[in-house]
Amino acid sequence: MKDKFIRIISPLTVLIICALDAGVIAYGIFAVKQMTERMTTSVILFAALDLVAVIIAVLVTKEVFSNGVKFYDDECEFTALDENNIFTYDDIASVEYTKDEAPSFTKNFADRNSVLTINLKNDSFVSIDLGYTSKGSVEKVVEEIKNRIDK
C-alpha cells in the first residue's frame, strides 16, 4: 500500500490558531502604518517585535497542522507523540476508539477527547489520547489501521 497521512486536528485548535495568526497580521499592519507616519525608536521596536511574532506564528501554525498519523508499508507513526509513537502492523491485533458525544453542560473539553486503543498481540494495549477531534478524523484513522492489519 502507498504511504498516507491523515491529519488529526481539533476544530477548536484551528479556530484558536487562525485567531492568533489574524492578531499577528493585524498588529503587523498597525506597525507598518505607524512606521509610515512617524519613525521613532518605539515604533521600530514594535515592528521588530512583530517580525519575531510572525516567525513564531509561522512555526506554531506549521507544527499544529503537521500533527497526524503517517501510514507506511509496515508501520504507522503518530507524529504528535514524543515517544512510543511507531507501531508495526504485525504487532497490532485490533484497534478501537471511544469518543463521548452525549450532550452535557457539566463535561469539560478533556472529557470529550477521542481515545484510540491499540490492542497488541502480546496481550497489552496502548491508549492514545488524540484530543478534541472530529469523529470523522478518528474513524478514518481506525479504518486505515484496520485495512492495513488485515493484509
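Please read these numbers as outputs of a predicted model, since none were measured by experiment. (Residues numbered from 1 in each chain as written. Predicted model: local features only at pLDDT ≥ 70, side-chain atom pairs only at ≥ 80, totals over all residues. Heavy atoms only, no water.)

Draft legend 1. Region of the structure containing the layout of surface pockets. Considered as a void within the structure, the largest pocket measures approximately 200 Å³ in volume. The wall of the largest pocket is formed by 16 residues, among which Ile8, Ile9, Asn67, Ala80 and Leu130 lie closest to the centre. Looking at the lining of the largest pocket residue by residue, the classes come out as 9 nonpolar, 6 polar and 1 charged. (1 Å grid on protein atoms, 1.4 Å probe; cavity = no way out; pocket = protein on both sides within 12 Å on 5 of 7 lines; lining within 4 Å. Points joined across faces, edges and corners; volume = space filled by probe spheres on them. Nonpolar A, V, L, I, M, F, W, Y, C, P; charged D, E, K, R; others polar.)

Draft legend 2. Region of the structure containing the sheet that holds strand E6 (residues 114-120). The strand order E5-E6-E7 describes an open sheet built from 3 strands, whose pairing is antiparallel. Each end of this open sheet is capped by a strand with a single partner; those strands are strand E5 (92-99) and strand E7 (125-131). Neighbour-to-neighbour, the strand axes of the sheet open up by a mean angle of 20°, direction not taken into account. In the sheet, E6 pairs with E7 via 6 bridges, with the strands oriented antiparallel. Bridging across to E7, Ser114 finds its partner in Gly131. Contacts between helix H3 (residues 135-149) and the sheet are confined to E5, E6 and E7, with E5 contributing the most and set at about 170° to the helix. (Pairing = 2+ DSSP bridges. Helix = DSSP H or I, 4+ residues; strand = E, 2+ residues; numbered from the N terminus. Axes fitted to C-alpha atoms, helices over the stretch in contact; angles between N-to-C directions. Contact = heavy atoms within 4.5 Å.)

Draft legend 3. Quick peek at a negative patch on the surface. A contiguous patch of negative charge, built from Asp3, Asp73, Asp74, Asp90 and Asp91, is present on the exposed surface. On the secondary structure map, Asp90 appears in the loop between strand E4 (86-88) and E5. Judged by relative accessible area, which is 62%, Asp90 ranks as exposed. (Patch = residues over 30% accessible without salt bridge, like charges linked within 9 Å, V, L, I, M, F, W, Y side chains within 5 Å. Areas by Shrake-Rupley, 256 points an atom, 1.4 Å probe, with all protein chains shown as cover. Salt bridge = Lys/Arg side-chain N within 4 Å of Asp/Glu carboxyl O. Lys, Arg positive; Asp, Glu negative; His and termini not counted. Charge placed at Lys NZ, Arg CZ, Asp CG, Glu CD. Buried < 20%, exposed > 50% of the residue type's maximum accessible area, 1.4 Å probe, protein only.)

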